[in-house]
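These are the residues of each chain, in order.
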Amino acid sequence: MPIPAPRQHFRKCTQCGNPYSVPIGPGRPRAHCSDKCRYASRTSGPPDHVEQDQDLQTATHDLQLEVTRLISQQLSEPPTHQILQQLLTIENLVEDAKAAAVARGRARGESWKDMATGTGSSPDHLRKRWTPDRVTRRLARVRTARAARPTPCIPAQRTATHTGHPAGDHTDDGPDHIPLKPTQTPRQQLACALSFLQRKTARSIKETALDMGISPSHLSRLLAGSRGPSWDVVRQFAAVCEADLTVLRVLWEDAQRPPSHAPAPPPADPTAAARQLWLSLKSLHLAADSPDLGTIRKVCSLGAGRPLNAGEIARILKGDHVPDWETTARIILALRGRPAELRALWQATQPAPQTQDASDEQPVPARTEPEPEP
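Residues numbered from 1 in each chain as written. Predicted model: local features only at pLDDT ≥ 70, side-chain atom pairs only at ≥ 80, totals over all residues. Heavy atoms only, no water.

### Section: the overall build of the chain
Part 1 of the argument: Within the chain, the regular secondary structure consists of 16 helices and two strands.
Part 2 of the argument: In the chain, which comprises 374 residues, the proportion classed as buried is 35%.
Part 3 of the argument: Considering only contacts within the chain whose residues lie at least 6 apart along the sequence, 60% involve residues at least 24 apart.
Part 4 of the argument: Taken as a whole, the chain presents about 23,400 Å² of accessible surface, with 55% of it coming from carbon and sulfur. (Helix = DSSP H or I, 4+ residues; strand = E, 2+ residues; numbered from the N terminus. Buried < 20%, exposed > 50% of the residue type's maximum accessible area, 1.4 Å probe, protein only. Contact = heavy atoms within 4.5 Å. Areas by Shrake-Rupley, 256 points an atom, 1.4 Å probe, with all protein chains shown as cover.)

In structure tokens form, the structure reads like this:
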């Protein structure tokens, strides 16, 4: 009776990238297709993991965008089945991000023990859960689906309309809806604001850096968000680019806060809280490349909430009006902010409920017992 051939599974060589088969059996499978690649991996330095980094970055970007959509839908009170469908999509995206993270960790030479630290799973469970074949197949499926996905087209900002009105008053041209973009971290918001202000000057990075007294490479890293500026550098930048230092101060202070820390408590005075909320919205508007009112209105039109007009949005961004929370959250999302971080600040702008003063209460007549009959 012929002896059956051992079962095989296919892997990808970490050195040359070519697929190869490995018989399934005890022990750790080899990571290279040949001895030549194994020797080359020992002499050619650390492996290149750019592709894995891109997979993880794209997976987390998709996850962030889907969570942003879920937050936006919550404002219009969707049916429960729609929420569950959205949560199922988020669960699948979390699995994609896990696969990308495992692929990145293995490409960087991290052990299963190191990757399992703090996850609540044992190294053996993590290794069996994310086999090389499973990770490769899932990431390949994700890349194929992402390549077939249509790219949303967002019209470019214009400085003036055909009627001669400024871009901030433009409300009618273009599509009725503009796709929602993912939210940004405070550090990304600061970098986007600095980049927008620098481009607005119509000067080169080299010229701007020369006026600030720093190197062009240093300024490029600041504008890209790969390095955080000090407050002195922000002040120099504001002076050179003629920017509002008060708004940049809000963005800079938020960027200094560690990601695990909650925002500072809001002011107790509703008037001071309203001014701080206005500054926060103004800073988000700057970080989002100062979109015109029409663009904000179209992004806010996603979902089934109350439609907003350009005049109402203008009054909110000028600090003349504090709307209800649903409207505030929709504008925050349209400006790529995170509503949860400003919820407490919005609540502080609301006047305290009126309580009846003790002196205004009507006196309650004392209860008297009836006199006994003689």
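The structure having been displayed, the exposition proceeds.
### Side note on the side chain of Thr-208
Part 1 of the argument: Examined against the element boundaries, Thr-208 turns out to sit in helix H8 (residues 205–212).
Part 2 of the argument: Polar side-chain contacts of Thr-208 include one of 3.2 Å to the side chain of Gln-198. (Polar contact = N/O pair within 3.5 Å; in protein donor to acceptor, adjacent residues only side chain to side chain.)

### Brief notes about unusual backbone geometry
Part 1 of the argument: Positive phi is not limited to glycine here, since Ala-202 has a value of about 60°.
Part 2 of the argument: Tracing the backbone shows Ala-202 in the loop between helix H7 (186–200) and H8.
Part 3 of the argument: Of note, the phi angle at Ser-290 is positive, near 50°, even though the residue is not glycine.
Part 4 of the argument: Position of Ser-290 relative to the elements: it lies in the loop between helix H12 (270–287) and helix H13 (293–300).

### Some remarks on the packing of aromatic side chains
Part 1 of the argument: Taken as a whole, this structure holds two aromatic pairs when the rule is applied.
Part 2 of the argument: Between Trp-325 and Trp-346 the ring centres are 5.7 Å apart and the planes differ by 50°, which places this aromatic pair in the tilted class. Residue Trp-325 is located in helix H15 (residues 325–334), and its partner Trp-346 is located in helix H16 (residues 339–349); the two are separated by 21 residues in the primary sequence. Each member of the pair, Trp-325 together with Trp-346, is buried.
Part 3 of the argument: Geometry around Trp-130 places Arg-134 over its ring, the cationic atom sitting 5.4 Å from the centre.
Part 4 of the argument: Arg-249 extends its terminal NZ or CZ atom over the ring of Trp-231, reaching a point 4.4 Å from the ring centre. (Phe/Tyr/Trp six-rings, centres within 6.5 Å; stacked < 30°, edge-to-face > 60°. Lys NZ or Arg CZ within 6 Å of the ring centre and 35° of its normal.)

### Quick notes on H16
Part 1 of the argument: What H16 keeps buried is the set Pro-339, Leu-342, Leu-345, Trp-346, Ala-348 and Thr-349.
Part 2 of the argument: Elements that come into contact with the buried residues of H16 comprise helix H2 (50–74), H12 and H15.

### Some points on the pattern of salt bridges
Part 1 of the argument: Counted by the stated rule, this structure contains 18 salt bridges.
Part 2 of the argument: Arg-330 serves as the salt-bridge partner of Glu-326, at 3.8 Å between the closest nitrogen and oxygen. Taken as a pair, Glu-326 and Arg-330 lie in helix H15 at a separation of four residues, close to a single helical turn.
Part 3 of the argument: Of the residues examined, Arg-330 reaches a relative accessible area of 7% and is grouped as buried.
Part 4 of the argument: Among the charged side chains, a salt-bridge network with shared partners connects Asp-254, Arg-257, Arg-338 and Glu-341. (Salt bridge = Lys/Arg side-chain N within 4 Å of Asp/Glu carboxyl O.)

### Quick notes on the packing of helix H11 (residues 245–256) against H12
Part 1 of the argument: Between H11 and H12, the least distance of the axes is 9 Å, while the angle of their chain directions is 90°. By the angle between their directions, the pair H11 and H12 is classed as roughly perpendicular. For the pair formed by H11 and H12, the contact residues are Thr-246, Val-247, Leu-248, Val-250 and Leu-251 on the first element and Leu-279, Ser-280, Lys-282, Ser-283 and Leu-286 on the second.
Part 2 of the argument: The residue inventory of the contact of H11 with H12, partitioned by class, reads six nonpolar, three polar and one charged. (Axes fitted to C-alpha atoms, helices over the stretch in contact; angles between N-to-C directions. Parallel < 35°, antiparallel > 145°, perpendicular 65-115°, else oblique. Nonpolar A, V, L, I, M, F, W, Y, C, P; charged D, E, K, R; others polar.)

### Some remarks on helix H10 (residues 231–241)
Part 1 of the argument: Along H10, the residues that are buried comprise Trp-231, Val-233, Val-234, Phe-237, Ala-238, Val-240 and Cys-241.
Part 2 of the argument: Where H10 is buried, its residues touch H7, H8, helix H9 (216–224) and H11.
Part 3 of the argument: Looking one or two residues beyond H10, the residue adopting positive phi is Glu-242, at roughly 55°.

### Overview of the environment of Lys-200
Part 1 of the argument: Position of Lys-200 among the secondary structure elements: in helix H7.
Part 2 of the argument: Taking the relative accessible area as the measure of exposure, Lys-200 reaches 63% and is therefore exposed.

### Details of the environment of Gln-347
Part 1 of the argument: Positionally, Gln-347 belongs in helix H16.
Part 2 of the argument: Along the backbone, Gln-347 and Asp-324 are 23 residues apart, and their C-alpha atoms lie at a distance of 9.7 Å.

### Details of the packing of H7 against H9
To characterise two packed helices, one gives the angle between the axes of the helices and the distance between these axes.
Part 1 of the argument: Contact pair H7 / H9: the axes reach a minimum separation of 7 Å and the direction vectors enclose 125°. The orientation of H7 relative to H9 falls into the category oblique. Across from Ala-191, Leu-194, Ser-195 and Gln-198 in H7, the residues of H9 making contact are Leu-222, Leu-223 and Ala-224.
Part 2 of the argument: Its residues assigned to classes, the contact of H7 with H9 comprises five nonpolar, two polar and no charged.

### Description of the confidence of the model for the chain
Part 1 of the argument: Looking at the chain, pLDDT values average 80 and 78% of them are 70 or higher.
Part 2 of the argument: Confidence scores differ between elements of the chain, with helix H1 (residues 35–43) showing the lowest mean pLDDT of 69 and H10 the highest of 95.
Part 3 of the argument: Counted against residues more than four places away or in other chains, residues 151–175, with its pLDDT under 50, gives 36 contacts. (pLDDT = per-residue confidence, 0-100.)

### Brief notes about the environment of Ser-72
Part 1 of the argument: Its place among the elements puts Ser-72 in helix H2.
Part 2 of the argument: Residues Ser-72 and Ala-329, spaced 257 residues apart in sequence, show a C-alpha to C-alpha distance of 8.1 Å.

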